[in-house]
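Each chain, written out:
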Amino acid sequence: MSRENHSKAKLNGICNYRLYTTEELIESYAFESSRINEMDKEIAQKAIKKELKRRFNATLRLLDDEQTIQNPTGTYRYLLNVTD
């Protein structure tokens, strides 16, 4: 399986986790682990976890939706937050 494309937000330096791919969120979380400022690190990691939780919960709800039955790839792509 190929890796996710980078989001336009990440490529343009926009720090809006809702726009990041799932891969970018995980990479960003790992990057934050090495941050010196503990408060900034905790804020960023909490926001990343919140977005991942929102995305996973929405995906779980979609599993029983008719659109997933018709287009399971669409639900998978929603989880990844990729458009291409």
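Thresholds applied
- Residues numbered from 1 in each chain as written.
- Predicted model: local features only at pLDDT ≥ 70, side-chain atom pairs only at ≥ 80, totals over all residues.
- Heavy atoms only, no water.
- Phe/Tyr/Trp six-rings, centres within 6.5 Å; stacked < 30°, edge-to-face > 60°.
- Buried < 20%, exposed > 50% of the residue type's maximum accessible area, 1.4 Å probe, protein only.
- pLDDT = per-residue confidence, 0-100.
- Helix = DSSP H or I, 4+ residues; strand = E, 2+ residues; numbered from the N terminus.
- Axes fitted to C-alpha atoms, helices over the stretch in contact; angles between N-to-C directions.
- Parallel < 35°, antiparallel > 145°, perpendicular 65-115°, else oblique.
- Contact = heavy atoms within 4.5 Å.
- Nonpolar A, V, L, I, M, F, W, Y, C, P; charged D, E, K, R; others polar.
- Left-handed = near helix turned anticlockwise from the far one by under 90°.
- Salt bridge = Lys/Arg side-chain N within 4 Å of Asp/Glu carboxyl O.

Novice: Explain the packing of aromatic side chains to me, using residue names and the numbers behind them.
Specialist: Following the criterion strictly, the structure yields 1 aromatic pair and no others. Relative to Tyr20, the ring of Tyr17 has its centre 5.5 Å away and its plane inclined at 85°; by these criteria the two rings are edge-to-face. Of the two residues examined, Tyr17 and Tyr20, each falls in the buried class.

Novice: How would you summarise the confidence of the model for the protein if you had to cite specific residues and measurements?
Specialist: Chain-level pLDDT for the protein is 89 on average; 92% of the residues reach the 70-or-more range. Confidence scores differ between elements of the protein, with helix H1 (residues 8–11) showing the lowest mean pLDDT of 71 and helix H3 (residues 38–62) the highest of 97.

Novice: How would you sum up the packing of H3 against helix H5 (residues 72–80)? Please name residues and give values.
Specialist: The contact between H3 and H5 brings their axes to 9 Å, and the two run at 170°. Taken as axis vectors, H3 and H5 run roughly antiparallel relative to one another. Contacts between H3 and H5 involve Arg54, Arg55, Phe56, Ala58, Thr59 and Leu62 from the former and Thr75, Tyr78, Leu79 and Leu80 from the latter. Taken together, the residues of the contact of H3 with H5 break down into 6 nonpolar, 2 polar and 2 charged.

Novice: Residue-level account of the packing of helix H2 (residues 22–32) against H3, with values.
Specialist: H3 packs onto H2 with a crossing angle of 155° between their chain directions and a minimal axis gap of 9 Å. Accordingly, the angle class assigned to the pair H2 and H3 is roughly antiparallel. Where H2 crosses over H3, the handedness of that crossing is left-handed. On the side of H2, the interface is formed by Thr22, Leu25, Ile26, Ser28, Tyr29 and Glu32, while H3 contributes Asp40, Lys41, Ala44, Gln45, Ile48, Lys49, Glu51, Leu52 and Arg55. Residues of the contact of H2 with H3, tallied by class, amount to 6 nonpolar, 3 polar and 6 charged.

Novice: Quick rundown of the side chain of Glu32? Include the residues and the values.
Specialist: With respect to the helices and strands, the residue Glu32 is situated in helix H2. Dropping the residues within four chain positions of it, Glu32 is found in contact with Tyr17, Asp40, Lys41, Ala44, Gln45 and Ile48.

Novice: An account of the pattern of salt bridges is needed here, citing residue identities and associated values.
Specialist: Taken as a whole, this structure holds 4 salt bridges when the rule is applied. Here the residues in one salt-bridge network are Glu51, Arg54 and Arg55, joined through shared partners.

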